[in-house]
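The residues making up each chain are set out below.
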Amino acid sequence: MPRYRLLIEYDGGPFVGWQRQTTGPSVQAAIEDAILAFTGEEIRIRGAGRTDTGVHALGQVAHCDLQKDWPDDTVRDALNAHLRPAPVAILAARQVPDDFDARFSAEKRHYLYRIVNRRPPLALERGRAWQVPVPLDADAMHEAAQTLVGRHDFTTFRAAECQAKSPVKTLDRISVRRELDMVVVETSARSFLHSQVRSFVGTLKLVGEGKWRARDVAGALAACDRRRCGPLAPPDGLYLAKVDYPEDDA
């Protein structure tokens, strides 16, 4: 059975998240339904990241096994035809070795969070960014964010419903920068805890507002106590931006 790697973009607004659920439409179910319509096969796909309700993707990756050896472009175009009008696009499809696994083969995941820092309401960015009307100091946020880099117990920044076996993770990179009225937060790690990035952003917003300093973020991290975390940032501004695999460097 040929295995295909799918590169996927989607607007998470209409969905209950990536993973198929009984509570509403999911991105996974939309793609699996498109595969059924295209091939007549009922299969399950595996994604690199299980994004939550309202979280978007610029570069989600999934894999699926099909009975027939289809040309890559045929798979891409057929799935896109059957996905309409859902806000999901297969950007690329290509055959990969049988041992490729979208989730377990991933070396690193990159998330992006976008904050629109202005008083006027959102028009084009509504549902795709977090509006914060109070001025934010992006440089202070970046400085404070560096206390989070490295291997830590991230219990403070972990959702209560997180199913990860351990709260210990290694954060490879986090940066905060301003682009006109947009504050952009970028994070990179092999894996993340449930709501970890949104917890980071909500906490760093307190720094940007001048309510917290870098030492407060470091203290919250060291406390290993969810009650010490800042307010959870909304899902609107969060994007799974990219997933890295060993073969991409070959």
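All of the points below concern the structure found in this document. (Residues numbered from 1 in each chain as written. Predicted model: local features only at pLDDT ≥ 70, side-chain atom pairs only at ≥ 80, totals over all residues. Heavy atoms only, no water.)

Here we take up the layout of surface pockets. Put simply, the largest pocket is a space of about 1,200 Å³. What lines the largest pocket is a set of 37 residues, and nearest its centre among them are G49, R50, R103, F192 and H194. No other element matches the three residues that helix α4 (residues 196-208) contributes to the lining of the largest pocket. (1 Å grid on protein atoms, 1.4 Å probe; cavity = no way out; pocket = protein on both sides within 12 Å on 5 of 7 lines; lining within 4 Å. Points joined across faces, edges and corners; volume = space filled by probe spheres on them. Helix = DSSP H or I, 4+ residues; strand = E, 2+ residues; numbered from the N terminus.)

All right, on to helix α1 (residues 27-39) then. Look at α1: 18 Å from first C-alpha to last across 13 residues, which is about the 18 Å you get at 1.5 Å a residue. If you check which residues of α1 are buried, you get V27, Q28, A29, A30, I31, E32, A34, I35 and F38. Backbone nitrogen of A29 and a side-chain oxygen of the N-cap are separated by 3.1 Å at the start of α1; the cap is S26. Phi turns positive one or two residues past the end of α1, at G40, with a value near 80°. (Expected span 1.5 Å × (residues − 1). Buried < 20%, exposed > 50% of the residue type's maximum accessible area, 1.4 Å probe, protein only. Polar contact = N/O pair within 3.5 Å; in protein donor to acceptor, adjacent residues only side chain to side chain.)

What follows concerns the nonpolar core. Membership of the largest hydrophobic core comes to 68 residues, with the highest contact counts inside it found for L6, I8, I31, V75 and I115. Top element by residues in this core is α1. It accounts for six residues. Aside from chain neighbours lying at most four places away, what touches I115 is W130, V132, L136, M141, D181, M182, V183 and V201. (Core = buried A, V, L, I, M, F, W, Y, C linked by side-chain atoms within 4.5 Å. Contact = heavy atoms within 4.5 Å.)

Here we come to the pattern of salt bridges. Under the definition given, this model contains 18 salt bridges. Notably, a salt bridge pairs E179 with R177, separated by 2.7 Å at the nearest N-O pair. E179 gets classed as partly exposed once you look at its relative accessible area, which sits at 37%. With a shortest N-O distance of 2.4 Å, K242 and D244 are connected by a salt bridge. According to the relative accessible area criterion, K242 is partly exposed, its value standing at 45%. Taken together, the shared-partner salt bridges in this structure form one network comprising R20, E32, D33 and R44. (Salt bridge = Lys/Arg side-chain N within 4 Å of Asp/Glu carboxyl O.)

By themselves, these figures tell us nothing about what the structure is for.
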